[in-house]
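Read off the chains here:
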Amino acid sequence: MYNSSAFIEKAVFSILQSSLEKEFYDILIIDDGSTDNSLNIVQKISLEFNNVKVVIQENGGAGKARNTGIKYANSEYIWFFDSDDTAATNLGVIPAQLKKYKNIDIFSYHYNWVKGNDKIIGIGNSQPLVKCDKVFSGREAILQGYKPGSVCGLIIRTDFLRENALCFRTDITQEDSEFTYRMFALASRVLFSSHLIYNYLLYNSQRNSPHGIRLQEKYYLDAIEVAKSFKELALSFQNSDYILYMKINDYADSVLFGIVWSVFKWRIKGRCAVVRYSILQKMKEYGFYPLGQYKKRRKNILRGLLNIELFLK
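The rules we used
Residues numbered from 1 in each chain as written. Predicted model: local features only at pLDDT ≥ 70, side-chain atom pairs only at ≥ 80, totals over all residues. Heavy atoms only, no water. Buried < 20%, exposed > 50% of the residue type's maximum accessible area, 1.4 Å probe, protein only. Helix = DSSP H or I, 4+ residues; strand = E, 2+ residues; numbered from the N terminus. Arc of directions from axis to C-beta. Core = buried A, V, L, I, M, F, W, Y, C linked by side-chain atoms within 4.5 Å. Contact = heavy atoms within 4.5 Å. Salt bridge = Lys/Arg side-chain N within 4 Å of Asp/Glu carboxyl O.

**Topic: helix α4 (residues 93-100)**
Working step 1: Of all the positions in α4, only V93, I94, Q97 and L98 are classed as buried. Looking straight down α4, one finds its buried side chains confined to an arc of 120°; they lie on one side. Every exposed residue of α4 that faces more than 90 degrees away from the buried side is listed here: K99 and K100.

**Describing the nonpolar core**
Working step 1: L161, M183, F184 and I279 are the most contacted members of the largest nonpolar core, which totals 61 residues.
Working step 2: Looking at this core, the element that brings in the most residues is helix α9 (residues 242-269), giving 13 residues.
Working step 3: The residues touching F184, leaving out its near neighbours within four places in the chain, are I106, G138, R139, A141, I142, Y146, L154, V190 and F192.
Working step 4: Grouped together as the second largest cluster of nonpolar side chains are 33 residues, I29, A87, L91 and I104 included.

**A closer look at the pattern of salt bridges**
Working step 1: Within this structure, the stated rule accounts for 18 salt bridges.
Working step 2: For the salt bridge of D171 with R169, the shortest nitrogen-to-oxygen distance reads 2.8 Å.
Working step 3: Residue classification places D171 among the partly exposed positions, given a relative accessible area of 45%.
Working step 4: Here R169 falls in the partly exposed class, since its relative accessible area comes to 21%.
Working step 5: The salt bridge partner of K282 is E225, with a shortest N-O separation of 3.2 Å.

This is how it looks when you write it as structure tokens:
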């Protein structure tokens, strides 16, 4: 929770007023140095409900707050919950699924994409390439085509996180994608479900404002860091599991292709010259540009175009 006074009460009560029995769960709220009225709101709630607990820390971002949650959690499973989102009404699915499928490391589910007017505009974390309602390893999920995304779409066994020393990076804004891919590569038992149990709030983009352009630059520079992490993850399997190595490495390459393709489109529109330069320099620093070979013919044709740096500057 960081400066979430407009949302946090609705988020917390969406769980407290759900079908879940109070004895089944705790709500652990990590206040990440809020400067608004958020802390007062949740402290009042914690006085009324003994399963709501508040931990206060200096501001460090979402990754640090989630790592604090892992440290203090006293439960068999952890569900990371953003302070501006809400739970769906059918939370009874959670204990039912965990009872039916024993010792799951990761329980993945669908969530609603919701706009500010509470209008549902789509489904998130659908993972169309991965089979539902069947237990298999995280390796199998990745080979089927699992795409990393928001950790809010996952319920995770606490001991699995701790035994593998899994934690979030605190230096990037896309800590979820970086974390979830590493996590899935280590998981022994995962379950993908089509149940909808979460509402994920989407914001209107401000990327064309001066402040938004800086955020956009940070986003893509962090995406390069995430691709670098994926490359390193792939290398860790190069000798022990070559098929997994190739799958993760190919996904990292597709992320890098997407970044350069975005830079190319900005060049066509005459946008963000400083940001384009910054991204290309970072790509070169890590040896990611010029782009390498791809399996698909169309990508290789486009690669030839994208590797002409003059078209990107």
